[in-house]
Amino acid sequence: MDSTTRGLEARALQLRIDSIRCTSKARSGHPSSCLSAADLVSTLFFHVVKVWFHLGGNSLSPGLKQIDLKNPNAVNNDHFVLSKGHAAPILYAVFKQLGVICDNELLKLRKFGSRLVPSRVYVLMGDGEYAEGSVWEAAGIAAARNLDNITLIVDANKFGQSGPSLHQHDLTAIAGKFSAFGWHTICIDGHNFREILRAFEEALQQKGKPSVIIAKTVKGYPFKEQQHGKPYPASEVDVLVEQLKEQYISAEAVTLSPTFHMAAALPESVSLDRSPSIKVNLGTSSLKDEFLPNKVISTRKAFGLALSALAAASPQVIALDADVKNSTYVEIVEKAHSNQVVECYIAEQNMVSMAIGLSIVGFIPFAATFGCFLTRAFDQIRMAGVGSNPIRIAGSHCGVSIGEDGPSQMALEDISMFRSIPNSVVVYPADGVAAFKLTECIANNHDGVSYIRLSRQDSTIIYSTEDEFHIGGSKIIRSSEADQCCIIACGITLFEALKAAELLSSTNINCCVIDAYSVKPLDEATILATASRCKRLVTVEDHYEAGGLGEAISTLLSNKCETKVQVQTLCVRSVPSSGSPEELRSWARIDSRSIAASVLALIR
């Protein structure tokens, strides 16, 4: 056995030991999933992956100090994706060997307050996971784009969570699927370091297509196959560690240091600003004539114009399309800045995943599609919330107001979906000016998921290009000291609310009208003050009741309003059918006459 192989085996030994120790200490985790992947992870991190290090010296390796924590996302680093999430403890064991964390912190795995929560790109995936459709969305686009800088490692340990995986140890079947998608496939014994080393070298030399290393491993290796998610009892840990040392390695080999690959230092000009401020002055822009008072433009088109202007202002802005760019107006960006648009095809899960990846390396991604199709990608959106990834998502064709296309195309759950994400932002502009400026606002939100809800219909410009909008804001469109009720709307229903106020005014009933364009966070101060003054409130939205604007405002009033306020929520309450936008708003009772009737019912 040569020195490199012996050194990698030593690293793998320590990874196994630490995976057993930290999961046992936590009384939680999946050590068997770590043990099967230990040899693969050792080779990947301590021989293959290129990482930027400070130069110095310590016990890790001559000339090696630690990962540069000031720049862990340097664009010339290789990138590692642990898709096999249950094996997270082995990644933290790697961090310990690299000096990123100490042993004490490793043993805080899964404890409250712990940090341990979940170039070339390396992805480690479990064999249960390839049953997921999102895996094949990613596999298809990677092959279509000839991404030969991607290496996927499948830890084929035969088992999923509750039983055998789909193809178990049939590596030929797994390889056949990836080969059909256009990948270069390499099948190996995942516990043979010589085969592992050769496989990574072969993947590195592959040109024109991504590579997948399919490694046959044993769950819990080198022990007998272990149950999923069962940490070893603390009383057994010392015995297991001694068995590993006796079976694996001599004391001399443990001191060997494998070769690390250092990334070259980058010039400062290559670095990306992680929180840039990108501004577009609509009032002086060449686009200003599109937004003159009383002109008509859809908010989706205004979004496309704004995104193109932002792309011109910053090369960090990237638009991602799911084969609907002629409907979301991302085509405007593509015509002017084609190198800043990524076509993801009808694969929304992968589109959102790509947006997350782009955000991690410093870009400002906007993923755009029909709002109804975003339900397909909710898992990825949810995980972006968990990771506080600054991604921006645009959903168009929302509500019954899309008209004749019918309920399958109507986004009626999207506000609820995005409001449920921790620290998310949800904005819903009514006119083109608001859409343009709110697109700019979320481009500058670098803290979590942002969602902008867009309408299909043209609407009249009611705001000036000099008006200001901000996250957490609102606009009082109409108000008087004699107001008997406040109507709060957003998006397309704002125009219905204004019509209702005019109808009521003709009968000497005055109503305040608020544009709650920031659905999350709400403009709490304005809403609370107005509700306390008017004591009657009607909310109206083109969305289902659950999780929408009405529920958000009702919760706010229940928690923070000291004045008794009567509230009536108008929303879509059942599954719609096809029809004109006007017919459907009337059917849903979110049109001007229904709003006026609700106000009268509260007053009387």
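Residues numbered from 1 in each chain as written. Predicted model: local features only at pLDDT ≥ 70, side-chain atom pairs only at ≥ 80, totals over all residues. Heavy atoms only, no water.

A. A look at the pattern of salt bridges. Counted by the stated rule, this structure contains 16 salt bridges. Asp39 serves as the salt-bridge partner of Arg16, at 2.9 Å between the closest nitrogen and oxygen. Residue Arg16 is located in helix H1 (residues 3-26), and its partner Asp39 is located in helix H2 (residues 31-48); the two are separated by 23 residues in the primary sequence. Taken individually, Arg16 and Asp39 each receive the classification buried, so the pair is uniform in this respect. Across the pair Arg21 and Asp103 runs a salt bridge, and its minimum N-O distance is 2.8 Å. Here Arg21 is found in helix H1, whereas its partner Asp103 is found in helix H4 (residues 103-106), with 82 residues between them in sequence. The network of salt bridges with shared partners includes Asp18, Arg21, Lys96 and Asp103. (Salt bridge = Lys/Arg side-chain N within 4 Å of Asp/Glu carboxyl O. Helix = DSSP H or I, 4+ residues; strand = E, 2+ residues; numbered from the N terminus. Buried < 20%, exposed > 50% of the residue type's maximum accessible area, 1.4 Å probe, protein only.)

B. Geometry of the sheet that holds strand S18 (residues 475-478). If you walk across this open sheet you meet the 5 strands as S18-S20-S19-S22-S23, and the pairing is mixed. If you trace the sheet from one side to the other, it starts and ends with S18 and strand S23 (566-572), each paired once. Strand after strand, the sheet turns through a mean of 25° between neighbouring axes, direction not considered. As judged from the 3 bridges shared by S18 and strand S20 (residues 511-515), these two strands associate in the antiparallel manner. Bridge pairing in S20 links Lys475 to Asp515. Taken strand by strand, helix H17 (residues 493-505) contacts S18, strand S19 (485-489), S20 and strand S22 (536-544), and its axis lies near 170° from that of S20. Sheet contacts for helix H18 (residues 524-534): S18, S19, S20 and S22; angle to S20, the most-contacted strand, approximately 165°. (Pairing = 2+ DSSP bridges. Axes fitted to C-alpha atoms, helices over the stretch in contact; angles between N-to-C directions. Contact = heavy atoms within 4.5 Å.)

C. Here's a closer look at the sheet that holds strand S13 (residues 364-370). Pairing is mixed in the open sheet, where 7 strands are placed in the order S12-S11-S13-S14-S16-S15-S21. Two strands close off the open sheet at either side, each with one partner strand: strand S12 (341-343) and strand S21 (518-520). Taking the axes of each pair of neighbouring strands and ignoring which way they run, one obtains an average angle of 20° across the sheet. Inspection of the sheet shows strand S15 (residues 425-427) paired to S21 by 2 bridges, in the antiparallel sense.

D. The arrangement of the packing of helix H5 (residues 133-144) against helix H13 (residues 348-360) in detail. Running from N to C, H5 and H13 point in directions that differ by 70°, and their axes come no closer than 8 Å. Relative to H13, the element H5 lies roughly perpendicular. Across from Ser134, Glu137, Ala138 and Ile141 in H5, the residues of H13 making contact are Glu348, Gln349 and Asn350. Among the residues making up the contact of H5 with H13, the classes are represented as 2 nonpolar, 3 polar and 2 charged. (Parallel < 35°, antiparallel > 145°, perpendicular 65-115°, else oblique. Nonpolar A, V, L, I, M, F, W, Y, C, P; charged D, E, K, R; others polar.)

Such coordinate-based values are descriptive only and should not be taken to indicate function.
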